[in-house]
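Residues per chain are reported as follows:
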Amino acid sequence: MSDLYIYNSYTRQKEKFEPITPGHVGLYVCGPTVSGESHMGHARPYVTFDLVNRYLQHHGYKVRYVRNITDAGHFEEEGREAEDKVAKKAQLEKLEPMELVHKYTSLFHWAMRLFNCLEPSIEPTATGHIIEQINMIQDIIQKGYAYEVNGSVYFDVKKYAEKYPYGKLSGRVIDDLLETTRDLEGQDEKRNKVDFALWKKAPAEHIMRWTSPWGEGFPGWHIECSAMSSKYLGETFDIHGGGMDLQFPHHESEIAQSTIAHGHPPVNYWMHNNMITINGKKMGKSYNNVIKLTELFSGNHPILEQPYHPMVIRFYILQTHYRSTLDFSNEALQASEKAFRRLWEAYEVLQKLQPNTGAASDKALDAKVTTWCHECADFMNDDLNTAKVIANLFELAPVINSIKGGQVKPDALSGETYALLLQTFKTYLVDIMGMQPLQAAQSNKLDQVLSLLIDIRRDARQRKDFATSDQIRNTLAESGILLKDEKDGSVSYTIE
RNA sequence: GGUCGCGUGGCCGAGUGGCUAGGCACAGGUCUGCAAAACCUCCUACAGCGGUUCGACUCCGCUCGCGACCUCCA
C-alpha cells in the first residue's frame, strides 16, 4: 500500500506518516466536555477522527484510539471567580454532578452510535485520573517550571519559553502574548499573564473537589489530556487530534507540560479539523448559534426546515475536506441528503448486478472505471481527501445505473473490474467513510404487506385500472413509502 | 490591536501553473399509462487591481470583503 501523508499542524505541511512502533498507531483525540449537550459543531471532530481511525486500520495498523471524557469541568472564566462548569450547572438543575455527567455522557454515546463512529479503545475520564494529574503537576513543580500560590499551581510559561518553542503549534510569539494578552481581573497570583493553571484551589461552594498536596481543589484546563495520553499511549505518541480552536491555548499548553514532565515533546503529528460555521460564523456557545444534535435529528429548531438523519450529517461532513470550514445551511444539508441517497442506491444496485465473467467489451469505459477506483486510495493517502473520493464514487454511480438501465451493456466491464467496483464501494463508502443506509432493515411483515399491495397494483395496471394503481401508489407515498416501477417490470420501494 | 487563514459558477464544495472535480438546483431530451427513479445534454466559475510567466483560478504584491485564534470553546 502506498504511503499515507497527513498535514501536521505543528510543522504546517503534509508529512509522510510513520508510526513510532511499526504496525501500531497511538491516536489521542480531545473528547467532549460532558457538562451539556453536544451540538452540530462537535460532530465534526468525532466524525473526522473516526475516519482517521478507520483509515489507519484500513492501512493495516493496529490503532489504540484514546478519546477522553472531560467530566471535571474547566473554569468558566479564567481569573474571575473560579467555577467548575459541571458543578455550576448541577446546582442550577438540582442534580448531582455525577448524575449530570452521566446524562450527557450517555447522550454523547448515543449520538456517536447514530453517527456510526467506532468506539475508542479507551475512553478515560478526567475524574478517574486525578492522581495521575497530581503526580504530573508535582513532577513539573520539581523540575522548576510550576509554582504554587495560595493553593493553586501555575505553569511558568515565560521560563518555559526561554528554552522551548512555546507558541510554535499555534503560531504565537511569546513576546506578543506577554504584551497583548487581555488584562483580566484576579491575575495577580500569576507571575505572568501567559501562565496557565495546573491546579486550582476550590472555593468553599465548589462541589467537585479533590485533596491534593496544595489543599482542596481541582485540576486545571489542560493537564488531563497530558496525563491521560501519556498514561495510555506513552510519553511520545503518534497522532493528537482535535478542533482547530483547541490549538491555543489547550494544545500549546499540553506540549509545554509534557515537554517539561517527560523531557521531550509528546506528539509527532498534530491534526486539527476546521470549524462548522453557520451564516459564516463559528457555531459555538459564545455566538448563541448552536444547533444541538438532538435538535438536528428531530428538526426541532427554528433554523431547521426538516430533521436530518445522522448519516446525512456524516456524509455532509465527509463531502468537505476536514481542514476547510463547513458552512451549515438547510440547502446544503438537503443537497447532501439527496446526493447520499443516490450514491447509496447505486451501491445497492451494484450489489445486485450480475457480474460479467469474461473480458470487457468496452475497453475505454473499463479503463476509466478502473482508474476511478484506484484513485480513491491516492486521494485518501493525500491527507484523507474524502471530498475527492466521494467525487469519484459519483463518477462510478452513473456507470452502475447505466448497466442496470440498459444504456451500458452488462459485459462492458470485465469480471475483474466488477469485483474492483464492488470492493471500492464497500471499502471506501462503508468501511472507511463508515456510511450506513438511511433506512433501517424492514421487517418481514411489512415486506409481506407491501408485496401484497404491489401485487394488487400490478393487477390493476394490467387491467389499465390506473385509478386503483395510482391510489395505492399515492396513498403509500403519503406515508413515506415510495414505489418505483423498474424497467424490467418489477417494483421496488423505499421508505423515507 | 496582534497572529493566522479564507474569498471558486444559483447554492454547497474539490483542485491545479496550461488538460478547466463532484454534488444539489435549473433547463432540454430519452424511457414511462402517469409518476418517481435512472440515463444523456446544457449551464464553464475562480473578489478587485497590478506583477512574474510563452501561459495563472493556481506564484508574488497591494486593495477590498469575510472568518478563526488571542477568553471556555470541536
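Refer to the structure above for everything that follows.
Residues numbered from 1 in each chain as written. Chains lettered and ligands numbered in written order. Predicted model: local features only at pLDDT ≥ 70, side-chain atom pairs only at ≥ 80, totals over all residues. Heavy atoms only, no water.

Engineer: Which parts of the structure should I look at to understand the packing of helix H4 (residues 130-142) against helix H7 (residues 223-233)?
Structural biologist: In a pair of packed helices, the angle between the axes and the distance between the axes together describe the arrangement. Running from amino to carboxyl end, H4 crosses H7 at an angle of 100 degrees, the nearest separation of the two axes being 9 Å. By the angle between their axes, H4 is roughly perpendicular relative to H7. Across the interface between the two elements, Glu-132, Gln-133, Met-136, Ile-137 and Ile-140 of H4 pack against Ile-223, Glu-224, Ser-226, Ala-227 and Lys-231 of H7. Classifying every residue of the contact of H4 with H7 by side-chain character gives five nonpolar, two polar and three charged. (Axes fitted to C-alpha atoms, helices over the stretch in contact; angles between N-to-C directions. Helix = DSSP H or I, 4+ residues; strand = E, 2+ residues; numbered from the N terminus. Parallel < 35°, antiparallel > 145°, perpendicular 65-115°, else oblique. Contact = heavy atoms within 4.5 Å. Nonpolar A, V, L, I, M, F, W, Y, C, P; charged D, E, K, R; others polar.)

Engineer: Which parts of the structure should I look at to understand the pairing of strand E3 (residues 24-29)?
Structural biologist: Successive side chains on a regular strand alternate, one facing one side of the sheet and the next facing the other. Among the six residues of E3, five are classified as buried, and the element is accordingly described as predominantly covered. Viewed along the sheet, the connection from E3 through helix H1 (residues 40-58) into strand E4 (residues 62-67) turns out right-handed. Examined bridge by bridge, E3 and strand E10 (residues 237-243) share three bridges and lie parallel to one another. Residue Val-29 lies in a different strand from E10, and its bridge partner there is Gly-241. (Buried < 20%, exposed > 50% of the residue type's maximum accessible area, 1.4 Å probe, protein only. Right-handed = clockwise from strand over helix to strand, strands pointing away. Pairing = 2+ DSSP bridges.)

Engineer: What am I meant to see in the sheet that holds strand E6 (residues 152-155) here?
Structural biologist: The pairing of strands in a sheet comes from backbone hydrogen bonds and takes either a parallel or an antiparallel form. An order of E5-E6-E7-E9-E8 is seen for the five strands of this open sheet, with the pairing classed as antiparallel. Both outer strands of the open sheet, strand E5 (146-149) and strand E8 (210-212), are each paired with one neighbouring strand and no more. The average undirected angle you get between the axes of adjacent strands in this sheet is 35 degrees. In terms of strand pairing, strand E7 (residues 196-201) meets strand E9 (residues 215-219) through three bridges, oriented antiparallel.

Engineer: Help me out: how do you make sense of the sheet that holds strand E12 (residues 276-278) in this one?
Structural biologist: Strand order in this open sheet of three strands is E13-E12-E14, and the pairing throughout is mixed. Of all the strands in the sheet, the pair left with one neighbour each is strand E13 (281-282) and strand E14 (326-328).

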